[in-house]
Amino acid sequence: MSEPDDVWKVNRERDGEAQRFESNFPENGAVGRAFAPVAGFGVTLRNFFRPTVTEQYPDKKTPAMPRYHGRHQLNRYADGLEKCIGCELCAWACPADAIYVEGDSNTEDAQYSPGERYGRVYQINYLRCIFCGLCIEACPTRALTMTNEYELAGPTREGLIYEKQDLLAPMQDAMLAAPHPMVPDTVDDDYYRGDVTAVVDSQIEWVRERRPDDPTLPENRSTEPAEARRG
Amino acid sequence: MTSTADKATAETVDTVTLTIDGKETTVPKGTLIIRAAEQVGIDIPRFCDHPLLAPAGACRQCLVDVAAPDREGNVRAFPKPQASCTMQAMDGMIVNTQHTSDEAKNAQEGVMELLLINHPLDCPVCDKGGECPLQNQALSHGRSESRFIDVKRVFEKPLPLSSEILLDRERCVLCQRCTRFSKEIAGDAFIDLQNRGAMQQIGTFDEDVLGFDGYEPIGVAAEDESGRAFSSYYSGNTVQICPVGALTSAAYRFRSRPFDLVSSPGISEHDSSGAAIRTDHRRGTILRRLSDNDPVVNEEWITDKDRFAFSWQNLSDRLERPLVRGDDGELHEASWPDAIARAAEGLKAAAGLTGTPADKKAKGVGVLPGGRITMEDAYAYQKFARVALGTNDVDVRTRTASDEEQEFLGSTVAGSGMGVTFADLEKAPTVLLAGFEPEDEGGVVFLRLRKAYGTQRVLTVAPFLSRGAEKLDATLIQAVPGGEAAALASIKGAADAAESLQAEGSVIIVGERLAGSPGALSEALRLAKRTGARLAWIPRRAGERGAVEAGALPGLLPGGRDATAASARDAIAKAWGVDSLPESPGRNAAEIIAAAASGTLSGLVIGGVTPSDLTDDLAAALARTDFVVSLEVRRTDVARYADVVLPVAPPSEKPGTFVNWEGRLRGFATAIRTDAISDHRALDFLGRELGADLKVGTVADVNEQLALLGAAGKSERVKAPSVKAGKARKAAGDELVLASWHLLVDEGALQDGEPYLAGTGRTAVARLSPATAERIGVKDGVVTLTAGGRGTIELPVALTDMADGVVWVPAKSPGSWVAQELGVHPGALVRVKGGI
């Protein structure tokens with residue numbers, strides 16, 4: 001007899017054992033036996049009278065918890081300069097290799113962030129991101145934080161690689177779009193300490209001279225509130 | 001012999017035995033404690049210590065506890081921890097590092113805390129972040145807390161020492177690696193420590209550049225003509241050895257992080273030294289190049305050109321697909337098979353291989369591969385010319401060249417294997433340079449000669465002492481270009497120079513420029529014979545020596561065989577499996593271009609040749625030629641006249657071998673994988689289409705053939721040249737003899753697209769002796785040079801102690817493109833007028 005047959009024989013013997021199994025539940029009475037075929041509906045009937053837990057997503061959206069790890073955001077200082085300095089510490093910290101950054105030099109004509117360095121390229125690949133938040137911890141300037149936005153699905157791979165413009169925080173009402181010079185007589189440290197709290201006139205003048213159509217200039221700002229503009 | 005030599009060294013080297021952290025070790029006498037510790041695997045933190053620089057003890061990070069025997073032999077501890085990078089090991093010494101001694105550990109942590117007091121800790125924006133010895137050692141050997149609560153010292157940053165080198169003084173830990181490198185290795189003592197105490201800082205002695213804030217410099221630096229303070233050709237090495245991020249390069253600033261980069265070893269394509277480099281690239285783009293450690297060639301140093309000139313290959317004019325000239329007269333992109341078919345068809349007609357009556361009209365094809373190719377490419381070009389096109393008209397020497405030089409190369413250089421080496425240069429008691437400027441034309445050759453400064457005598461045959469020669473403390477044997485032969489002949493008998501050349505191990509270095517001076521190479525051979533000195537030929541371009549070995553010269557077959565000798569031709573023909581090789585003597589590069597210009601060539605196959613490097617009017621020659629095939633990395637002026645343009649790979653995108661001037665094979669692998677193919681592969685395709693299987697499709701194929709062919713036998717060799725010494729032209733009236741060579745950093749094609757590097761180059765000046773300047777009548781400090789060529793050159797004058805009747809201008813510096821504008825080689829007469 002070959003080996004597989006042995007195995008089958010053993011299995012058949014075991015099955016025979018299993019048939020001799022006795023239930024621990026008590027035997028039903030006569031009424032119980034009569035209703036047995038529809039007893040399962042009892043669970044259903046009971047739940048008719050309980051509160052529902054189903055969320056009506058996407059018709060009705062529920063806010064996530066305050067510290068929910070959602071889509072990232074690249075923040076700005078009060079005057080609109082970017083906080084990101086392109087140091088790549090987030091990319092370094094990322095366990096999923098989801099972040100790609102290229103730094104570059106700020107110049108007099110194009111100052112994007114306080115100090116010498118800014119992030120020219122910033123990409124997060126949401127097909128890779130595991131939302132662990134290590135990048136947030138690594139960020140030395142608080143440029144990178146996470147929002148509560150969780151709707152990160154899409155039909156294409158490319159669409160799920162978010163570029164810098166997709167991640168940058170929306171302009172607040174008093175902000176002026178970069179690039180523009182730093183607030184006069186400040187250094188990057190002043191920004192890091194939070195001493196810069198608003199746009200100054202010389203910055204507005206600078207932008208007005210070079211980009212008169214910039215939508216963040218006071219004269220070009222639409223009257224509707226920022227929330228509505230953001231869509 | 002080797003074993004006896006080993007025995008001799010083993011006997012002569014005194015050793016000492018010491019104990020480090022309880023481990024007993026025996027090292028040669030004179031070994032520093034820090035090195036002895038390395039040998040037993042004990043790591044001591046350090047910043048200023050560098051194996052190739054003299055000990056300084058500047059950073060104090062390597063403090064260890066030391067006990068040594070006193071005069072009576074009692075082992076007694078030093079009262080304080082000692083710097084292990086300056087103290088030599090002694091017999092019976094007991095060293096306790098931070099691993100076993102709390103005192104050493106405490107001392108090291110204290111030093112680290114002190115170094116970090118003024119360090120800004122701006123690691124997130126610092127280029128060194130991630131590969132920074134300070135960052136690493138602060139984590140591994142420092143305390144986690146600092147007691148410093150005051151305001152840190154602040155400097156203006158960055159401070160440009162040159163357009164390429166930027167200094168962040170606040171990051172500096174004053175280890176002096178950069179200043180020691182500049183003084184000891186490069187000889188350009190342009191940066192140094194300034195001020196004292198808390199205000200001590202690295203700087204150049206140029207007040208305007210530095211912005212001292214009231215702290216005046218003590219002295220003024222010796223300026224070069226550019227007035228720039230830190231214009232060293234080797235300045236990039238200071239960035240690489242800086243143990244913090246104080247020195248950074250403008251080209252790499254803020255570009256990347258080490259974890260982004262893929263590092264590939266390679267060989268520099270910029271000069272004939274074959275310096276080992278490391279190419280760091282990200283997503284197929286080179287971001288920086290570093291020096292690799294190769295003790296036998298470049299040690300740990302490379303020139304700024306090797307380091308920074310790499311963007312040429314990724315400029316917008318990079319060719320990606322073959323181009324074929326259509327019926328409308330314009331170049332159109334084509335597929336490889338189409339382009340190869342079209343090129344083969346045209347070359348067949350031009351070489352007379354169609355088998356139709358039209359063949360009678362065909363006048364043949366010339367091949368100009370240019371001097372920047374690998375040995376494999378050179379081999380493919382010459383085999384393509386000789387087998388597929390049936391001609392000897394192939395020459396890589398798109399520069400000044402002569403038949404005498406070819407004889408010299410065939411008899412002395414080709415197939416001679418490793419001759420004089422870098423180590424021999426360092427040990428040579430006397431070095432004679434002829435037609436060769438080590439700093440400008442040799443790259444790291446200069447550093448090896450400089451390493452022997454003080455123990456070596458350098459003689460140079462030149463019109464004047466260049467700055468490079470001055471830094472070698474060279475003795476000038478003055479020669480007007482064209483008169484080098486006479487100058488070499490004058491080194492005779494018991495004359496001082498001849499005597500010192502007779503010392504064993506002396507070396508005569510001849511450069512490629514000697515080819516333009518009739519009889520000079522013959523005279524150099526005679527001098528070598530007379531004095532017993534060894535001879536080395538150092539060309540400028542990376543591919544020249546390899547091309548000589550591969551036989552890409554009209555009169556040379558692979559391995560230094562004479563193309564005019566029937567036995568050599570038969571041997572090669574047999575090896576290649578062809579009936580015969582072309583017998584008619586080939587034309588050299590200048591003759592090929594002249595023939596094309598006069599309509600006596602029907603076709604040209606042209607490699608990496610830049611028209612502006614040639615004295616001949618290549619554009620006119622190309623326009624006259626019926627069919628031109630160009631193999632190029634970038635779309636150059638040649639493409640305007642080419643019928644088919646085949647894109648080929650730059651050195652970083654292909655494997656290959658450069659043969660450096662020593663004769664050392666410097667093979668390299670592909671650094672960045674792309675679709676680009678090597679010249680030899682493209683020629684393999686072309687050869688097949690022409691009905692000749694060249695078997696040069698891969699590097700392995702070529703190297704197998706070269707290995708089988710080997711070097712020429714005695715009977716197959718070219719005879720050594722014996723040309724009568726020529727005379728220098730006589731300057732008369734406003735006609736002066738032209739002297740010129742390429743500066744290391746200039747406007748060569750491989751330095752395109754790198755403005756920061758270009759900014760460190762030297763401003764072009766015309767050098768005249770004071771007497772000549774007076775005779776010419778220089779007005780407004782400017783002279784104008786004409787030579788009946790295509791243009792003129794106007795340059796400011798620098799009065800120089802040099803031969804009368806000579807004018808020197810750089811060969812391809814901004815505003816001084818000698819070959820293109822004047823159309824003459826050094827040694828010719830040029831008309832020089834004062835003023836514009």
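Quick notes on the rules
Residues numbered from 1 in each chain as written. Chains lettered and ligands numbered in written order. Predicted model: local features only at pLDDT ≥ 70, side-chain atom pairs only at ≥ 80, totals over all residues. Heavy atoms only, no water. Helix = DSSP H or I, 4+ residues; strand = E, 2+ residues; numbered from the N terminus. Rg over C-alpha atoms; globule rule 2.2 N^0.38 Å. Buried < 20%, exposed > 50% of the residue type's maximum accessible area, 1.4 Å probe, protein only. Contact = heavy atoms within 4.5 Å. Areas by Shrake-Rupley, 256 points an atom, 1.4 Å probe, with all protein chains shown as cover. Lys, Arg positive; Asp, Glu negative; His and termini not counted. Charge placed at Lys NZ, Arg CZ, Asp CG, Glu CD. Pairing = 2+ DSSP bridges. Axes fitted to C-alpha atoms, helices over the stretch in contact; angles between N-to-C directions. Parallel < 35°, antiparallel > 145°, perpendicular 65-115°, else oblique. Nonpolar A, V, L, I, M, F, W, Y, C, P; charged D, E, K, R; others polar. Buried area = accessible area lost by both parts, 1.4 Å probe. Salt bridge = Lys/Arg side-chain N within 4 Å of Asp/Glu carboxyl O. Polar contact = N/O pair within 3.5 Å; in protein donor to acceptor, adjacent residues only side chain to side chain. Phe/Tyr/Trp six-rings, centres within 6.5 Å; stacked < 30°, edge-to-face > 60°. Core = buried A, V, L, I, M, F, W, Y, C linked by side-chain atoms within 4.5 Å. Domains from an automatic or database assignment. pLDDT = per-residue confidence, 0-100.

What follows is about the overall build of chain B. For chain B, the count of helices and strands is 27 helices and 37 strands. In summary, chain B has a C-alpha radius of gyration of 29 Å against a globular reference of 28 Å for 836 residues, a match within 12%. Each principal axis of the C-alpha distribution contributes one length, and for chain B these read about 95 × 60 × 60 Å. Relative to its full complement of 836 residues, chain B shows a buried share of 60%. Considering only intrachain contacts with a sequence separation of at least 6, the fraction spanning at least 24 residues in chain B is 70%. Put simply, chain B shows about 32300 Å² of open surface, and 51% of that area lies on carbon and sulfur atoms. For chain B, the centre of its 92 positive side-chain charges and the centre of its 113 negative side-chain charges are spaced 2 Å apart.

Moving on, we come to the sheet that holds strand 16 (residues 331-333) of chain B. Residue and element names in this part refer to chain B. Across the sheet, six strands lie side by side as 16-15-27-26-25-17; this open sheet has mixed pairing. The outermost strands of the open sheet, each flanked by one partner alone, are strand 16 and strand 17 (365-368). Across the sheet, the mean angle separating the axes of adjacent strands is 15° when strand polarity is ignored. The sheet contact formed by strand 25 (residues 603-606) and strand 26 (residues 627-632) spans four bridges and is parallel.

Here we have three strands laid out as an open sheet, ordered 7-8-11 (chain B), and antiparallel in their pairing. In this open sheet, the two edge strands, each paired with only one partner strand, are strand 7 (159-160) and strand 11 (247-249) of chain B.

The element helix 5 (residues 177-186) of chain B is largely enclosed, with a buried count of eight among its ten residues. Two residues or fewer past helix 5 of chain B, Gly187(B) is found with a positive phi of approximately 80°.

Right, let's get into the packing of helix 10 (residues 375-388) of chain B against helix 24 (residues 699-709) of chain B. The description of two helices packed together rests on the angle between their axes and the distance between the axes. All names here are of chain B. Between helix 10 and helix 24, the least distance of the axes is 10 Å, while the angle of their chain directions is 75°. Overall, the two elements helix 10 and helix 24 adopt an arrangement that is roughly perpendicular. Packed against helix 10, whose contacting residues are Met-375, Glu-376, Tyr-379 and Lys-383, the element helix 24 presents Val-699, Val-702, Asn-703, Gln-705, Leu-706 and Leu-709 at the interface. Per-class residue counts for the contact of helix 10 with helix 24 are six nonpolar, two polar and two charged.

With that settled, consider the interface of chain B and chain A. Contact residues are listed per partner, giving 18 residues for chain B and 16 residues for chain A. Both sides together, the interface formed by chain B and chain A hides about 1400 Å², and carbon and sulfur atoms give 54% of it. A per-residue breakdown of the area chain B buries against chain A is headed by Pro124(B), Phe254(B) and Phe259(B), which together make up 42% of the total. Residue Glu102(A) is joined to Arg282(B) by a salt bridge in which the shortest nitrogen-to-oxygen separation is 3.4 Å. Where chain B touches chain A, the interface holds five residue pairs in polar contact (both at pLDDT 80 or more). Of the residues that constitute the side of chain B that touches chain A, the class distribution is six nonpolar, three polar and nine charged.

Right, let's talk about the side chain of Ser311(B) for a bit. Residues and elements named next belong to chain B. The residue Ser-311 is located in the loop between helix 8 (304-308) and strand 15 (323-325) in this model. In this structure Ser-311 comes out as buried when scored by relative accessible area, which is 16%. There is a polar contact of 2.7 Å between the side chain of Ser-311 and the backbone oxygen of Gly-753.

This paragraph deals with the packing of aromatic side chains. Evaluated as defined, the whole model comprises 17 aromatic pairs over all chains. Ring geometry for Tyr126(A) against Phe131(A): centres 5.7 Å apart, planes inclined by 20°, an arrangement best described as stacked. Note on Phe131(A): relative accessible area 24%, which makes it partly exposed. Centre to centre, the rings of Phe181(B) and Trp301(B) are 4.8 Å apart; their planes meet at 55°, and the pair counts as tilted.

We now examine the nonpolar core. Residue and element names in this part refer to chain B. Grouped together as the largest cluster of nonpolar side chains are 89 residues, with contacts concentrated most on Leu-347, Phe-384, Leu-432, Val-510 and Val-605. The dominant element in this core, judged by the number of residues it contributes, is helix 10, at eight residues. Each of two domains, domain 2 (323-396 + 545-716) and domain 3 (408-542), supplies a minimum of three residues to this core. Among all residues touching Phe-384, those that are not within four sequence positions of it are Leu-347, Leu-389, Val-605, Leu-683, Leu-686, Gly-687, Leu-690 and Leu-694. Among the nonpolar cores identified, the runner-up in size contains 50 residues, and Cys-59, Met-93, Ala-138 and Leu-193 belong to it.

Residues and elements named next belong to chain B. On average, residues of chain B carry a pLDDT of 90, and 95% of them reach 70 or more. Put simply, helix 1 (residues 2-12) is where chain B has its lowest mean pLDDT, 47, and strand 27 (residues 644-647) is where it has its highest, 97. Note on residues 1-10: pLDDT is under 50 here. Beyond four places in sequence and across chains, it has zero contacts. Contacts for the low-pLDDT stretch residues 209-228, under 50 throughout, to residues beyond four places or in other chains number 34 contacts. Here the prediction assigns the complex a pTM of 0.89, and the interface score ipTM is 0.84.

A common way to express how large an interface is: the accessible area buried when the components associate. Its domain assignment divides chain B into domain 1 (7-117), domain 2 (323-396 + 545-716), domain 3 (408-542) and domain 4 (735-834). Of note, the centres of domain 1 of chain B and domain 3 of chain B, computed from C-alpha atoms alone, are 42 Å apart.

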